Amino acid sequence: MNKIFSSFRDPCGYIYEENGKIYRYVAPSYKQDYDKLINSGLYAELIKNNRLIKTKEITPKNGAYKLLEVEKIDFISYPYEWSFNAYKDAALLTLKVQKSALMHNMTLKDASAYNVQFHNGNPVFIDTLSFENLDEKAPWAAYKQFCQHFLAPLSLMSLKDVRLSCLMKQYIDGIPLDLASELLPFNIPFGLWLNIRLNAYFQKKYETSQTPKNRFQNMSKTKHLALIEGLTQLIKNLKSPTRETTWENYYDLTNYNKTAFKNKENLLTQYIKSLKNVKLIADFGANNGYFTNIALKATPNAKAVAFDIDVNAVEKNYMEVKKNQKTNLLPLVLDVLNPSPGIGWDNREREDLKARADFDVIMALALIHHLSISANIPFDYLASYFANFAPYLIIEFVPKDDSQVQKLLASRADIFPWYCEDEFEKAFKKYYTIVQKDKIKGSLRSLYLLKRK
Amino acid sequence: MKHLILLASFILITKPALAYIDPGIGAMFIQGLIASLMVIVLYAKKIIAALKNAFKKNDKDKKDSTDE
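Residues numbered from 1 in each chain as written. Chains lettered and ligands numbered in written order. Predicted model: local features only at pLDDT ≥ 70, side-chain atom pairs only at ≥ 80, totals over all residues.

Draft legend 1. Looking closely at the overall build of chain B. The helix and strand tally for chain B stands at 2 helices and 0 strands. Taken across its 68 residues, chain B has 24% of its residues classed as buried. (Helix = DSSP H or I, 4+ residues; strand = E, 2+ residues; numbered from the N terminus. Buried ≥ 20, exposed ≤ 12 C-beta atoms within 10 Å, placed from the backbone.)

Draft legend 2. Here's a closer look at the environment of A:Glu229. Considering the arrangement of structural elements, one finds A:Glu229 in helix H8 (residues 221-236). Overall, A:Glu229 belongs to the partly exposed group, with 17 C-beta atoms counted inside 10 Å. Counting along the chain gives 226 residues from A:Glu229 to A:Lys3, while the straight-line C-alpha distance between them is 37 Å. Contacts of A:Glu229, omitting those with residues within four sequence positions, involve B:Met38 and B:Leu42. (Contact = placed C-beta atoms within 7 Å.)

Draft legend 3. Seen up close, the sheet that holds strand E1 (residues 2-3) of chain A. Strand order in the open sheet formed by 5 strands is E1-E2-E3-E5-E4 (chain A), with antiparallel pairing between adjacent strands. Taken across any chain shown, the strands that pair with only one partner, and hence form the sheet edges, are E1 and strand E4 (55-58) of chain A. (Pairing = 2+ DSSP bridges.)

Draft legend 4. Inspection of the pairing of strand E8 (residues 122-125) of chain A at higher detail. All names here are of chain A. The pairing of strand E7 (residues 116-119) with E8 spans 4 bridges and is classified as antiparallel. What sits directly across from Gln117, in E8, is Val124. Between E7 and E8, which pair antiparallel one after the other, the connecting turn spans 2 residues, and Asn120 there sits at a positive phi close to 50°.

Draft legend 5. Spatial organisation of the domain arrangement of chain A. All names here are of chain A. Examined at the domain level, chain A breaks down into domain 1 (2-70), domain 2 (79-236) and domain 3 (250-452). Distance from the C-alpha centre of domain 2 to the C-alpha centre of domain 3: 35 Å. In this complex, domain 2 contributes 15 residues to the contact, which on the side of domain 3 involves 19 residues. No other element matches the 3 residues that helix H3 (residues 84-103) contributes to the side of domain 2 that touches domain 3. Class assignment for the residues of the side of domain 2 that touches domain 3 results in 8 nonpolar, 4 polar and 3 charged. (Domains from an automatic or database assignment. Nonpolar A, V, L, I, M, F, W, Y, C, P; charged D, E, K, R; others polar.)

Draft legend 6. Region of interest: unusual backbone geometry. Residues and elements named next belong to chain A. With a phi close to 55°, Asn62 is a non-glycine residue in the positive phi region. By the secondary structure assignment, Asn62 is in the loop between E4 and strand E5 (66-70). C-beta crowding within 10 Å serves as the criterion here: with 8 such atoms nearby, Asn62 is assigned to the exposed category. Its identity is not glycine, yet Asn287 carries a phi of approximately 50°, on the positive side. Here Asn287 shows up in the loop between strand E10 (280-284) and helix H11 (290-298). Judged by the 28 C-beta atoms lying within 10 Å of it, Asn287 falls in the buried class.

Draft legend 7. Spatial organisation of the sheet that holds strand E14 (residues 392-397) of chain A. Residue and element names in this part refer to chain A. The mixed open sheet is built from 7 strands, whose spatial order is E12-E11-E10-E13-E14-E16-E15. Edge strands, defined here as strands with exactly one partner in the open sheet, are strand E12 (329-333) and strand E15 (432-439). Taking the axes of each pair of neighbouring strands and ignoring which way they run, one obtains an average angle of 20° across the sheet. Sheet topology note: the E10/strand E11 (residues 303-308) ladder contains 5 bridges and is parallel. Bridging across to E11, Asp283 finds its partner in Ala306. Set on the sheet, H11 makes contact with E10, E11, E12 and strand E13 (361-364); between it and E11 the angle comes to about 165°. (Axes fitted to C-alpha atoms, helices over the stretch in contact; angles between N-to-C directions.)

Draft legend 8. Representation of the nonpolar core within the structure. Residue and element names in this part refer to chain A. In this structure, Ile362, Met363, Ala364 and Leu393 are the most contacted members of the largest nonpolar core, which totals 140 residues. A total of 10 residues in this core trace back to one element, the largest contributor, which is H3. Here Ala364 is in contact with Phe284, Gly285, Phe386, Leu393 and Ile395, once residues within four sequence places are set aside. (Core = buried A, V, L, I, M, F, W, Y, C linked by C-beta atoms within 7 Å.)

Draft legend 9. Local environment of the packing of helix H15 (residues 379-386) of chain A against helix H17 (residues 421-428) of chain A. Residue and element names in this part refer to chain A. Interhelical geometry of H15 versus H17 gives an angle of 40° and a closest axis separation of 8 Å. With respect to each other, H15 and H17 are oriented oblique. In the packing of H15 onto H17, the handedness of the crossing is right-handed. In this structure, H15 contributes Phe379, Asp380 and Ala383 to the contact, and H17 contributes Glu423, Phe424, Ala427 and Phe428. For the contact of H15 with H17, the per-class residue count stands at 5 nonpolar, no polar and 2 charged. (Parallel < 35°, antiparallel > 145°, perpendicular 65-115°, else oblique. Left-handed = near helix turned anticlockwise from the far one by under 90°.)

Draft legend 10. Geometry of H15(A). All names here are of chain A. Buried residues of H15: Phe379, Leu382, Ala383 and Phe386, and no others. Taken around the axis of H15, the buried residues stretch over an arc of 95°, which confines them to a single face. Contacts from the buried residues of H15 go to E13, helix H14 (368-374), E14, H17 and E15. (Arc of directions from axis to C-beta.)

Draft legend 11. Quick look at the packing of H3(A) against helix H12 (residues 311-323) of chain A. Residue and element names in this part refer to chain A. Contact geometry of H3 with H12 gives a least axis separation of 8 Å together with a crossing angle of 50°. Classified by the angle their axes make, H3 and H12 are oblique. Between H3 and H12, the residues in contact are Phe84, Asn85 and Ala86 and Glu315, Tyr318 and Met319, respectively. Partitioned by chemical class, the residues of the contact of H3 with H12 number 4 nonpolar, 1 polar and 1 charged.

Draft legend 12. Fine view of the environment of A:Leu46. Residue and element names in this part refer to chain A. Its location among the elements puts Leu46 in helix H2 (residues 42-48). Remark: the alpha-carbon pair of Leu46 and Pro28, spanning 18 residues in sequence, is separated by 23 Å. Other than its neighbours up to four places away in sequence, Leu46 contacts Arg51, Leu52, Val97 and Ser100.

Draft legend 13. Seen up close, the confidence of the model for chain B. On average, chain B scores 73 in pLDDT, and the residues at 70 or more come to 65%. Interface confidence for the predicted complex, given as ipTM, is 0.77, next to a pTM of 0.90. (pLDDT = per-residue confidence, 0-100.)

Draft legend 14. Spatial organisation of the environment of A:Arg445. Residues and elements named next belong to chain A. Note on placement: Arg445 falls in the loop between E15 and strand E16 (446-452). Assessed through the 26 C-beta atoms surrounding it within 10 Å, Arg445 is described here as buried. With 310 residues separating them in the primary sequence, Arg445 and Asp135 have C-alpha atoms 65 Å apart. Once residues lying within four places of it in the same chain are set aside, the contact partners of Arg445 are Glu396, Phe397, Val398, Pro399, Asp402 and Ile440.

Okay, here's the thing in structure tokens:
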């Protein structure tokens, strides 16, 4: 039994992994709330609407009130890896779940962004133990957390800079509202002024106050629903940021001609088809997911995570996934040069990228020159890094004569005598064997299918 | 004034509220206020929508009667 470290905060249960399956232990202390979740019809409603992760009750053991087998998520992602609209959808899902809970006289006892995961193309609430009986008069205990985990990051992304979601990496309990208030522009919608500025002011005012927590009992079900409606409208009205980025139109600027592009597609298809049991692909530097989709077409039962540093490219990819109701692709924001670290207690509460990776194939197309020339990463480091993630690697080598590499070298000294195909192969052969290598016709580039040693 | 007294009385009534995360006293205070405001806004919207509908219906009725 491998207890999932991040589930230590909730006294009502925890998650563990056993034989590749995920289980949720429900403690006897959660009996009343669990029974109400099931008997009120809330669980059935949430499952019907694909809003809650599916669970199956199995024979309890180790003193559990219930033991649930939980549907497995292909790849655990975190808020600082979501594009703006993905983050917005996660926030709206949390509010919908809270609204449904209120209609069944229950409430969410927490509203952490980490309770939402993207599963089969949609956001889904994963914490079955977040529901508790509603005390109508009591305020929503998770309101502050919702503001810090969703409202603050989304308003900063929308009104200031979309890259500010990275603050969630620093603040595991959500962006402090006083900081969000400082960073936001002077003129903000009245709703944000109330929920962020005034909220931050009152938090500071009551910070050292001895006011008993039971003093604020002025809510009612109508007010609870109105609060959720207000937050929903506020989040719906947050517009996508419009800042232009470097790589969002990458495929319009690439030096590929039609023949080379088609040949690269064909080779990729051929490589993927030659692999057996491909379940999960990771595409590093996926841009808008064009080649990720080519790979997925070649292996229809697989799923893929498309990583890119460019927030607008990831956003485009996410909107395509949403528009076409794709269930097999998850676009995420990630800087390969500075991948998501482990954060929180013991740096394990939210795992780093490597710890979460359970991929079968890695794709790194037209990426190597950015890593080696722009960021001086030696081939050896690249090979050992990629070998952490999957048994197979499909990688494109872009030689120095390629116009894209020449662009990178135009403004700097060429301190890369080692940047050549021979050295590339020498370094990667320490970790991989070359299964297949092909020149991409109509270009100077080569494509490799490598198998980890 | 009546409304202010009503609002203050809402705020001052007491009953224990316990949570496994810190709800924050400031956040507990402000959400009562925001929720009250939202109730007013939502009711106002409903009333305005109902009035608009009623006027539209009246206009339509008038138009229909003149058409006849």
